[in-house]
Amino acid sequence: MEKEQSVIDILKSTFFFKNLPVTQIKNFAKNFTKENLNMGDQISIGNSTLKDIRILINGEVREIVEHPDTKNTLTLNIEKPINLIGLNLNYVDNPFVFISAATDCLFLKINIKK
């Protein structure tokens, strides 16, 4: 059985944090939680306000839009690791945009206010 990585180990391996001293990474790690989402789980719907920013560690996230006239569903983007999810979603005013897990995903999640 594969050993589960700690938040600190994950942060140390990401390019955002890998050059920081371990003491700083440990301080950052206190603010993050791990989150697993299954394929199809929704992250954001329309112009809802997100409370968390996620760093995609494993898996893929899909940005979907529903065409306002034809109602066809279109994939705008597929995000792959390592990527920030939710950083700019609070500024998008499009009620037709949906963000969901395209595959099973592992995230590190932090509250926007932190």
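Worth saying up front: this structure is predicted, and the values here are computed from it rather than measured.

> What should I look at first to understand the nonpolar core in this one?
Soluble globular proteins tend to bury their nonpolar side chains together. Counting residues in hydrophobic clusters, the biggest one holds 13 residues, and the most contacted among them are Val7, Leu11, Phe17, Phe32, Ile55, Ile57 and Leu108. Among the secondary structure elements, those contributing two or more residues to this core are helix H1 (7–13), helix H2 (22–29), strand S3 (52–58) and strand S8 (105–111). Membership of the second largest hydrophobic core comes to 11 residues, among which are Val65, Ile99, Ala101 and Phe107.

> When you look at a nonpolar patch on the surface in this model, what are you seeing that I'm missing?
Side chains of Phe15, Phe16 and Leu84 sit close together on the surface and give an oily, nonpolar patch of about 270 Å² of accessible area. Relative to the elements of secondary structure, phenylalanine 16 occurs in the loop between H1 and H2. Since its relative accessible area comes to 33%, phenylalanine 16 is described here as partly exposed.

> I tried to follow the sheet that holds strand S6 (residues 83–85) on my own but got confused; where do I start?
As a general point, the strands of a sheet are linked pairwise by backbone hydrogen bonds and lie either parallel or antiparallel. Overall, antiparallel pairing links the four strands, which are arranged S1-S8-S3-S6 in an open sheet. Each edge of the open sheet carries a strand with a single partner, namely strand S1 (33–37) and S6. Mean inter-strand twist for the sheet, computed between neighbouring axes without regard to direction, equals 35°. Pairing between S1 and S8: five bridges, direction antiparallel. The residue of S8 that forms the bridge with leucine 37 is cysteine 105.

> Would you take a moment to explain the packing of aromatic side chains for this structure?
Two aromatic rings, taken as a pair, are described by how far apart their centres are and by the angle between their planes. Enumeration according to the criterion identifies four aromatic pairs in this entry. For the pair phenylalanine 15 and phenylalanine 16, a centre-to-centre distance of 4.3 Å together with 40° between the ring planes defines the contact as tilted. Judged by relative accessible area, which is 51%, phenylalanine 15 ranks as exposed. When the ring of phenylalanine 17 is compared with that of phenylalanine 32, the centres are 6.0 Å apart and the planes differ by 85°; the resulting orientation is edge-to-face. Separated by 15 residues along the polypeptide, phenylalanine 17 in the loop between H1 and H2 and phenylalanine 32 in the loop between H2 and S1 bring together distant segments of the chain. No difference in accessibility class separates phenylalanine 17 from phenylalanine 32, as the two residues are buried. Chaining the aromatic ring pairs together yields one cluster made of Phe15, Phe16, Phe17, Phe28 and Phe32.

Analysis parameters
- Residues numbered from 1 in each chain as written.
- Predicted model: local features only at pLDDT ≥ 70, side-chain atom pairs only at ≥ 80, totals over all residues.
- Heavy atoms only, no water.
- Core = buried A, V, L, I, M, F, W, Y, C linked by side-chain atoms within 4.5 Å.
- Buried < 20%, exposed > 50% of the residue type's maximum accessible area, 1.4 Å probe, protein only.
- Helix = DSSP H or I, 4+ residues; strand = E, 2+ residues; numbered from the N terminus.
- Patch = residues over 30% accessible without salt bridge, like charges linked within 9 Å, V, L, I, M, F, W, Y side chains within 5 Å.
- Areas by Shrake-Rupley, 256 points an atom, 1.4 Å probe, with all protein chains shown as cover.
- Salt bridge = Lys/Arg side-chain N within 4 Å of Asp/Glu carboxyl O.
- Pairing = 2+ DSSP bridges.
- Axes fitted to C-alpha atoms, helices over the stretch in contact; angles between N-to-C directions.
- Phe/Tyr/Trp six-rings, centres within 6.5 Å; stacked < 30°, edge-to-face > 60°.

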